[in-house]
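If you want the building blocks of each chain, they are given just below.
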Amino acid sequence: MESFDKSAYVYGVFSRISDKYDVMNDLESLGLHRLWKAQLVRELSRQNPASVLDIACGTGDIAIAVAQALPAARVVGLDFNEPMLEVAKRRATREAPFGFVVGESGTRSTNNLRLMTGDAMALPFDDESFDAASISFGLRNMPDYALSLAEIYRVLRPGGRLYCLEASYPTNELVKPPFKLYFKYWLPVLAKLVVNSPEEYAWLNTSTEAFPSKDELALLMQAIGFSEVSYSSFLLGAAALHRSTK
């Protein structure tokens, strides 16, 4: 059996769906991902960090919102997929990406935002370069979750905060079966009808199934060295926001 190159596969998936990614995010989550991401940005912004790294920034919604909410901060959005970054660069000229401004000091300016290519498992930054970091629906696509978290830990300054928003399977036995049916069967059909990308969106189910549970991810963060690890669940456990401190 041929070895599976997860990085190459994920790169191909997101290259093919880059222009459709935001539409499908709305459809698959009924638009709720906007609220979850907005909560991440609000919590991060309250810490008033001077520098923020958004890893696996994709089409840029988190990075753009953070830059708007923290106009005095240095914000870097990093992704290894150039087509997704091209979408992010186009979006950076628009107003707030969630449809509303987040953060009390929200502004439409993104002059403080840098979007760049880079490998999340070998971040191109010196140790202790950032006050805060975020990753949204990106960790599950990494070939090595622990290495990715270790790299984030390395580039955070002592006391720096990590905010990780990820999809997960609900633990409730009544909710889990219909949720699995939706992701495994209905979502690829929806992707076929709307954006003609059923195979790419079948990957989202596969990556979610393989990803650690919410408690397992919290334990992994602690094993890396993070402290004050906590999480909040959304939509009966379909997603969770983990927070931790270096």
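Definitions and cut-offs
Residues numbered from 1 in each chain as written. Predicted model: local features only at pLDDT ≥ 70, side-chain atom pairs only at ≥ 80, totals over all residues. Heavy atoms only, no water. pLDDT = per-residue confidence, 0-100. Contact = heavy atoms within 4.5 Å. Pairing = 2+ DSSP bridges. Helix = DSSP H or I, 4+ residues; strand = E, 2+ residues; numbered from the N terminus. Axes fitted to C-alpha atoms, helices over the stretch in contact; angles between N-to-C directions. Salt bridge = Lys/Arg side-chain N within 4 Å of Asp/Glu carboxyl O. Buried < 20%, exposed > 50% of the residue type's maximum accessible area, 1.4 Å probe, protein only. Patch = residues over 30% accessible without salt bridge, like charges linked within 9 Å, V, L, I, M, F, W, Y side chains within 5 Å. Areas by Shrake-Rupley, 256 points an atom, 1.4 Å probe, with all protein chains shown as cover. Expected span 1.5 Å × (residues − 1). Polar contact = N/O pair within 3.5 Å; in protein donor to acceptor, adjacent residues only side chain to side chain. Arc of directions from axis to C-beta. Phe/Tyr/Trp six-rings, centres within 6.5 Å; stacked < 30°, edge-to-face > 60°. Parallel < 35°, antiparallel > 145°, perpendicular 65-115°, else oblique. Left-handed = near helix turned anticlockwise from the far one by under 90°. Core = buried A, V, L, I, M, F, W, Y, C linked by side-chain atoms within 4.5 Å.

### Some points on the confidence of the model for the protein chain
Line of reasoning, step 1. The predicted model of the protein chain averages 85 in pLDDT, with 88% of residues at 70 or higher.
Line of reasoning, step 2. Segment residues 99–107: pLDDT under 50, and 19 contacts once partners within four positions in sequence are set aside and those in other chains are kept.

### Let's talk about the sheet that holds strand E4 (residues 130–136)
Line of reasoning, step 1. Pairing in this open sheet of seven strands is mixed, and the strands run E3-E2-E1-E4-E5-E7-E6 from one edge to the other. Lying at the two open borders of the sheet, with one neighbouring strand each, are strand E3 (113–117) and strand E6 (227–234). Adjacent strand axes in the sheet meet at a mean angle of 15° when their direction is disregarded.
Line of reasoning, step 2. In terms of strand pairing, strand E5 (residues 156–167) meets strand E7 (residues 239–245) through seven bridges, oriented antiparallel. Counted as the bridge partner of Tyr-163 is Arg-243 from E7.
Line of reasoning, step 3. Together, strand E1 (51–55), strand E2 (74–79), E3 and E4 form the strand contacts of helix H4 (residues 61–69), whose direction differs from that of E2 by roughly 175°.

### A few points about the pattern of salt bridges
Line of reasoning, step 1. In total, this model carries ten salt bridges according to the counting rule given.
Line of reasoning, step 2. Between Arg-91 and Asp-22 there is a salt bridge whose closest N-O contact spans 3.2 Å. With a gap of 69 residues between them, Arg-91 in helix H5 (residues 82–91) and Asp-22 in helix H2 (residues 21–29) connect regions that are remote in the sequence.
Line of reasoning, step 3. Classification of Arg-91 as buried rests on a relative accessible area of 8%.
Line of reasoning, step 4. Two residues, Glu-166 and Arg-140, come together in a salt bridge whose shortest N-O distance is 3.6 Å. Within this pair, whereas Glu-166 is found in strand E5, its partner Arg-140 is found in the loop between E4 and helix H6 (145–155), the two being separated by 26 residues in sequence.
Line of reasoning, step 5. When salt bridges with common partners are traced through the structure, they connect Asp-127, Glu-151 and Arg-154 into a single cluster.

### Examining a nonpolar patch on the surface
Line of reasoning, step 1. Among the surface-exposed residues, Val-23, Leu-27, Trp-186, Val-189, Leu-193 and Val-194 lie close enough to one another that they form a single nonpolar patch of about 520 Å² accessible area.
Line of reasoning, step 2. Broken down by element, the nonpolar patch gets its largest block of residues, four residues, from helix H7 (residues 176–194).
Line of reasoning, step 3. When you line up the elements, Leu-193 lands in helix H7.

### Let's talk about helix H1 (residues 6–17)
Line of reasoning, step 1. Given a rise of 1.5 Å per residue, twelve residues ought to cover 16 Å, and the 17 Å separating the end C-alpha atoms of H1 matches this to within 8%.
Line of reasoning, step 2. The opening residue of H1, the one whose side-chain oxygen lies 3.3 Å from the backbone nitrogen of Ser-7, is Asp-5.

### Some details on H6
Line of reasoning, step 1. Three or more residues of H6 are buried, namely Tyr-145, Ser-148, Leu-149, Glu-151, Ile-152 and Val-155. Seen end-on, H6 carries its buried residues on one side only, within an arc spanning 155°.
Line of reasoning, step 2. With a side-chain oxygen positioned 3.1 Å from the backbone nitrogen of Ala-146, the residue opening H6 is Asp-144.

### Considering the environment of Leu-78
Line of reasoning, step 1. Relative to the elements of secondary structure, Leu-78 occurs in strand E2.
Line of reasoning, step 2. A relative accessible area of 1% places Leu-78 in the buried class.
Line of reasoning, step 3. Expressed as a C-alpha distance, the spacing of Leu-78 and Ile-55, which sit 23 residues apart in the sequence, is 5.1 Å.

### Comments concerning the packing of aromatic side chains
Line of reasoning, step 1. Summed over the entire model, instances satisfying the criterion amount to five aromatic pairs.
Line of reasoning, step 2. Consider the rings of Tyr-145 and Phe-211, whose centres lie 5.1 Å apart with planes at 75°: the pair is edge-to-face. With Tyr-145 in helix H6 and Phe-211 in the loop between helix H8 (198–210) and helix H9 (214–224), the pair connects residues that are 66 residues apart, well separated along the chain.

### Side note on the packing of helix H3 (residues 32–46) against H4
Line of reasoning, step 1. Orientation of H3 relative to H4, taken along the N-to-C sense of each, is 40°, at an axis distance of 10 Å. With respect to H4, the axis of H3 lies oblique. Viewed along their axes, H3 and H4 form a crossing whose handedness is right-handed. Taken together, the residues of H4 that come into contact with H3 (itself represented by His-33, Lys-37, Leu-40, Val-41, Leu-44 and Ser-45) are Asp-61, Ile-62, Ala-65, Val-66 and Ala-69.

### Considering the nonpolar core
Within soluble globular proteins, side chains that are nonpolar tend to cluster in buried spots.
Line of reasoning, step 1. By size, the foremost hydrophobic cluster in this structure holds 29 residues, and its most contacted members are Leu-40, Leu-44, Val-66 and Leu-113.
Line of reasoning, step 2. Among the elements that line this core, the one with the most residues is H4, at seven residues.
Line of reasoning, step 3. Those residues in contact with Leu-113 that lie beyond four places of it in its chain are Ala-63, Ile-64, Ala-67, Val-75, Gly-77 and Ala-92.
Line of reasoning, step 4. Core analysis: the second largest hydrophobic core is formed by 27 residues, Leu-53, Ile-55, Leu-162 and Cys-164 among them.

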